[in-house]
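Here is what each chain is made of, one letter per residue.
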Amino acid sequence: DQQVKQNSPSLSVQEGRISILNCDYTNSMFDYFLWYKKYPAEGPTFLISISSIKDKNEDGRFTVFLNKSAKHLSLHIVPSQPGDSAVYFCAASTGGYQKVTFGIGTKLQVIP
Amino acid sequence: DTEVTQTPKHLVMGMTNKKSLKCEQHMGHRAMYWYKQKAKKPPELMFVYSYEKLSINESVPSRFSPECPNSSLLNLHLHALQPEDSALYLCASSQESTTYNEQFFGPGTRLTVL
């Protein structure tokens, strides 16, 4: 039973437009959420995070939105660039912070 | 140096073999992790070491044996594996504190068990 769900396996977006990646979770005890990006043949790299006490966190072109009542978060990338093409993992943790639960990932393709 | 290195990149082993995966970081991180990732699945946590002591074991079979010889090194000893253990094994590290710190991942070891 997946506690972190990314229901879109892939997404294609034109360069310069907005990319929106979605993530749903079922465990109401999760209190910290993260997005990781993964290129082929590399390990995941941390992108952005948000605590459950916030509903938005922004870092340059990347913004994460959290809707706790809907148990939903999203990652917005504006504007999208070809170098953003990668697999994006949504992840969540609770309490001890060491234990992170990952979603299955969404493959983003940004078309030049 | 913000890199986590893993060796080997690829490993093929028989079910009776004994092999080890190695992970190294020089960022001064005191928490290190092993994850297993199968195709089209998310990374799944296996073990966590905190200050060189095993702090989390996610009910992993004993044919996987972790070891943390020092704060920079993490090994995963493999013995009598099954073909279903074939997967990408990811190592990660993070600072150890009471607040969350991002995990830095290595590129992984692709393991095939014949």
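Anything mentioned here points back to the structure above.
Keep in mind that what you see is a predicted model, and the values were worked out from it rather than measured.

Enquirer: Before we go on, may I ask you to explain unusual backbone geometry in this structure?
Expert: Leave glycine aside and you will find that most residues have negative phi; peptide bonds, for their part, are mostly trans. Residue Val-78 of chain A is joined to Pro-79 of chain A through a cis peptide bond whose omega torsion reads -10°. Positioned with a positive phi, Tyr-51 of chain B is a non-glycine residue whose angle comes to about 50°. Within the secondary structure, Tyr-51 of chain B sits in the loop between strand E5 (44-50) and strand E6 (53-57). Taking relative accessible area as the criterion, Tyr-51 of chain B reaches 44% and is therefore assigned partly exposed. Here the phi dihedral of Ser-59 of chain B falls at roughly 55°; this positive angle occurs in a residue that is not glycine. Topologically, Ser-59 of chain B is positioned in the loop between E6 and strand E7 (64-70).

Enquirer: How do you make sense of the pattern of salt bridges when you look at a structure like this?
Expert: Any two side chains of opposite charge can pair, given that their charged atoms come close. Applying the stated criterion across every chain yields a total of 7 salt bridges over all chains. Glu-58 of chain A serves as the salt-bridge partner of Lys-56 of chain A, at 4.0 Å between the closest nitrogen and oxygen. A residue is classified by how much of its surface remains accessible, and Lys-56 of chain A, at 41% relative accessible area, is partly exposed. Its relative accessible area of 51% is what places Glu-58 of chain A among the exposed residues. Note that Glu-58 of chain B is salt-bridged to Lys-99 of chain A, the shortest N-O span being 3.0 Å. Here Glu-58 of chain B, found in the loop between E6 and E7, pairs with Lys-99 of chain A, found in the loop between strand E9 (86-93) and strand E10 (100-102), and the two come from separate chains. Residue classification places Lys-99 of chain A among the partly exposed positions, given a relative accessible area of 38%. One network of salt bridges, with partners in common, ties together Lys-36, Arg-63 and Asp-85 of chain B.

Basis of the calculations
Residues numbered from 1 in each chain as written. Chains lettered and ligands numbered in written order. Predicted model: local features only at pLDDT ≥ 70, side-chain atom pairs only at ≥ 80, totals over all residues. Heavy atoms only, no water. Helix = DSSP H or I, 4+ residues; strand = E, 2+ residues; numbered from the N terminus. Buried < 20%, exposed > 50% of the residue type's maximum accessible area, 1.4 Å probe, protein only. Salt bridge = Lys/Arg side-chain N within 4 Å of Asp/Glu carboxyl O.

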